[in-house]
Each structure stands twice: as C-alpha cells, then as structure tokens.
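# Structure at a glance
Letter by letter, the chains look like this.
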Amino acid sequence: MARVKICGLTDGADLRAAVDAGADAVGVISEVPVDTGREVDSATAAELLADVPPFVTATLVTMPDSAERAVELLRTVGPDAVQLHGEWTPDEIRYIRAETERKVLLAVDADDPARAEEFDAVADALVIDSTDDSGAGGTGETHDWAKTGELAARLTSPVVLAGGLTADNVAEAVRVADPYAVDVASGVELADGRKDHNAVARFVANAGREMELA
C-alpha cells in the first residue's frame, strides 16, 4: 500500500480532513515564486503544521532562493520534513540536512531521470513530478507512470509519485509505478487551495486498493 501525502493545505479544516482520512503526511506550501492559491505565509504554515498529530509527517513545501533561506524557513516553521522544488546542488541539499536535521525531499521532473539519479544518495526521498519551467509542481499533469516505476526500481531513495493524480486514477498509478508514496494537491480540490473532503478520503482509500486486489 502506497503512503499518501495530501499537499497544498491552507486551513485547519482541510488539514483535519486529510488526517482523519488516514493521510500519512500533509503538506503546506510557503515561499514559492509562482502564483498559487495554495501558498500561505510562514507564520500560517507554522500554525498549521504545529497542529499535525504524532505519526503524521508535517511537511513544508517551498522554493526558497538559497539554501540559507531554506534553513531559516525550517527553523521558523518547524516541520518534520521539507519538500524542495527548484534548482539545487547536492552540496546545498547536504547543507540543509546537516543544519536542520530534517528529512529533505527533492522534487525532480519526470522527464529528467538523470537528475533523480544524481540526487539518489543525497536526498531522503525523490518526488517525481510533472513540473513547470521553474521547477514548481502542482501542474495537474500526469506523466509516464511506467517509466517512473522503472526509475524507482533503479534508485535506492524512496520515490514519491506526483503529478495529475486523482481519486479516480491513483490506484492504477500505484499499480503501474509501485511508488513508496503518492502526493496530491490539485486532484482533490474544489478550487485552488480548497480541498474536497470526500475526494481526499477517496484518494487515501484508493491509494491502497491496488495492493488489496493484487
């Protein structure tokens, strides 16, 4: 059964719905250079993630302009893990991990498997996503799940499958790619930044359905 992260949460009600549905991780987006209704300021991010109960991973999703700023954000917000988008070097990832003692997930475009392999021994997990030109996720576009599955089989780091997932297609995505986890934002929304609680519950349930049928 694939683990599930519900991302782009902006208020307490949506966060509680994700936790109640059985999500393994929740994500709050802050400090990203893209126009999205899913972004909150760092103070709100800290408040939301402080309410995440034990055994659910509180994740900050961000695109800061430097490794030093990433460390500042992590110290301010206090998540369990950080999911970084954008351009980074292996040394920067090592620096962030060492300075914060937090798990670092790195988003990599599905069309750039060489980059995933470059960071395999550096990041704690790799988020294979459909990103835009800036490296941001949340595009709502799927990619070739079979190729992602082949990549995951070559990597030692856990692979998180993202990009265009919904409650209707996540079981098939898990069957084909066999990822460690799946990550969803736009696929369970009523509007940009507002979650459909029924869709969230269906997504979490369906992410584990393929394994039950196999």
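Residues numbered from 1 in each chain as written. Predicted model: local features only at pLDDT ≥ 70, side-chain atom pairs only at ≥ 80, totals over all residues. Heavy atoms only, no water.

### Focus: the overall build of the protein chain
- A count of helical and extended segments in the protein chain gives nine helices and 10 strands.
- What you see for the protein chain is a C-alpha radius of gyration of 16 Å, in line with the 17 Å of a compact globule of 214 residues.
- Taking the principal axes of its C-alpha atoms as reference, the protein chain extends roughly 45 × 40 × 30 Å.
- Out of the 214 residues in the protein chain, the part that is buried amounts to 54%.
- Excluding contacts between residues fewer than 6 apart, the proportion of contacts in the protein chain whose partners are at least 24 apart in sequence is 54%.
- In the structure as shown, the protein chain presents an accessible area of about 9600 Å², 45% of it carried by carbon and sulfur atoms. (Helix = DSSP H or I, 4+ residues; strand = E, 2+ residues; numbered from the N terminus. Rg over C-alpha atoms; globule rule 2.2 N^0.38 Å. Buried < 20%, exposed > 50% of the residue type's maximum accessible area, 1.4 Å probe, protein only. Contact = heavy atoms within 4.5 Å. Areas by Shrake-Rupley, 256 points an atom, 1.4 Å probe, with all protein chains shown as cover.)

### Description of the sheet that holds strand 3 (residues 57-62)
- Spatial ordering of the closed barrel is given by 1-2-3-4-5-6-7-8, a layout of eight strands whose pairing is parallel. Averaged over all neighbouring strand pairs, the angle between strand axes comes to 25°, with direction disregarded.
- Here strand 3 pairs with strand 4 (residues 81-84) via four bridges, running parallel. Looking at the pairing, Thr62 lines up with Leu84 of strand 4. (Pairing = 2+ DSSP bridges. Axes fitted to C-alpha atoms, helices over the stretch in contact; angles between N-to-C directions.)

### Looking at helix 3 (residues 67-77)
- The complete set of buried residues in helix 3 reads Ala67, Ala70, Val71, Leu73, Leu74 and Val77. All buried residues of helix 3 fall inside an arc of 160° around its axis, so they share one side.
- For helix 3, the secondary structure elements touched by its buried residues are helix 2 (42-50), strand 3, strand 4 and helix 4 (90-100).
- Looking one or two places after helix 3, you find Gly78, whose phi comes out positive at around 70°. (Arc of directions from axis to C-beta.)

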